[in-house]
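The residues making up each chain are set out below.
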Amino acid sequence: MTDRTILSLTGSDRVSFLQGLVSNDVSKLNGGIAYAALLTPQGKYLADFFVVDRGDDLLIDVAASLAPMLFQRLSMYKLRSDVAIAETDLRVKRGVGPAPDGAHADPRHAGLGWRLYGDEQGEAADFDALRVEHIVPETGIELKPDAFILEQGFERLNGVDFRKGCYVGQEVTARMKHKTELRKGIARVRIEGTAQTGDTILYGEKEVGTLQTVSGDRAIAYLRFDRVSDEMTAGQARVWLDHRPE
């Protein structure tokens, strides 16, 4: 995939350094992979990525559009830690079905297949359709600045650990988990008619949300759940709730 950048973290403090910054527990990787996010101190989304433990280093698999910002942020937080951050020439290959040697199962959902890091690139499935089916947000589409990761399904997608201790934005995320019921978030909707990504979803004259990734007659939508109705519209289409993840 040419739209991904793979960073490498080396140095004796690499695990503890990242552990204090990101939403998931990277201390338990043991050669595995985790999905995580970097947040602002106010708990809002900055970047999402995969962290892969290769023994001597940690790989960070991030959207190429966010890589320069993430590199800068990590460098800013490094201070005197024994950590070196570098961009690699590695590529990520994705697929579904039997996984090749060395591949990692996508930690967000079993239906998203595997990821393999090396010299090859390429994809073997319609990942937008799979994301819509399993309601998995994507960098730059559902996941944008000012998003809250719990509204984007990060708990369900194994992207946040509530037992790991402090990280940047942890207080707000924990408060949303324990003290409030989510009134907004992503869900899957059905579409009958013509609509496209970015169309506003309406119930009469009330704004309910926005269509995000569209695949056929289904889409991921960001919704205000208290306004959801069976009589919603978007563009030239009728829209109704298909599935709201618990």
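Residues numbered from 1 in each chain as written. Predicted model: local features only at pLDDT ≥ 70, side-chain atom pairs only at ≥ 80, totals over all residues. Heavy atoms only, no water.

(A) Representation of the nonpolar core. Membership of the largest hydrophobic core comes to 45 residues, with the highest contact counts inside it found for Leu9, Leu18, Phe49, Ile60, Leu70, Leu74 and Tyr117. Secondary structure elements with two or more residues in this core: strand S1 (4-10), helix H1 (14-19), strand S2 (33-39), strand S3 (45-53), strand S4 (58-63), helix H2 (67-78) and helix H4 (170-179). Not counting residues within four places of it along the chain, the set of residues in contact with tyrosine 117 comprises Ile6, Ile33, Phe50, Val52, Leu59, Asp61, Arg91, Val92 and His104. Listed in part, the 15 residues of the second largest apolar core include Ala187, Ile191, Val208 and Val239. (Core = buried A, V, L, I, M, F, W, Y, C linked by side-chain atoms within 4.5 Å. Buried < 20%, exposed > 50% of the residue type's maximum accessible area, 1.4 Å probe, protein only. Helix = DSSP H or I, 4+ residues; strand = E, 2+ residues; numbered from the N terminus. Contact = heavy atoms within 4.5 Å.)

(B) Inspection of unusual backbone geometry at higher detail. Of note in this structure, leucine 79 is not a glycine but carries a positive phi near 50°. Looking at the element boundaries, leucine 79 is found in the loop between H2 and strand S5 (84-87). The residue asparagine 158 is not glycine, and still its phi comes out positive at about 60°. Mapped onto the fold, asparagine 158 is located in the loop between helix H3 (127-134) and H4. Given the relative accessible area of 43%, asparagine 158 is considered partly exposed.

(C) How the structure looks around the side chain of threonine 5. In this structure, threonine 5 sits in strand S1. According to the relative accessible area criterion, threonine 5 is buried, its value standing at 10%.

(D) Up close: H3. Looking only at H3, the buried set comprises Phe127, Leu130, Arg131, Val132 and His134. Residues of H3 that are buried make contact with strand S6 (91-95), strand S9 (184-194), strand S11 (206-215) and strand S12 (218-224). Regarding H3, its N-cap is aspartate 126, as a side-chain oxygen of that residue lies 3.3 Å from the backbone nitrogen of aspartate 128 further along. Positive backbone phi, approximately 55°, marks isoleucine 135, located one or two places after H3. (Polar contact = N/O pair within 3.5 Å; in protein donor to acceptor, adjacent residues only side chain to side chain.)

(E) A look at the pairing of S12. Sheet topology note: the S9/S12 ladder contains 7 bridges and is antiparallel. Counterpart to isoleucine 186 in the pairing with S12 is tyrosine 222. Pairing geometry for S11 and S12, over 5 bridges, is antiparallel. Note that in S12 the partner of threonine 210 across the bridge is tyrosine 222. (Pairing = 2+ DSSP bridges.)

(F) Up close: the side chain of histidine 104. With respect to the helices and strands, histidine 104 occurs in strand S7 (residues 104-105). Residue histidine 104 is classed as buried on the basis of its relative accessible area, which comes to 16%. Setting aside its immediate chain neighbours within four residues, histidine 104 contacts Gly31, Gly32, Ile33, Val52, Gly113, Trp114, Arg115 and Tyr117.

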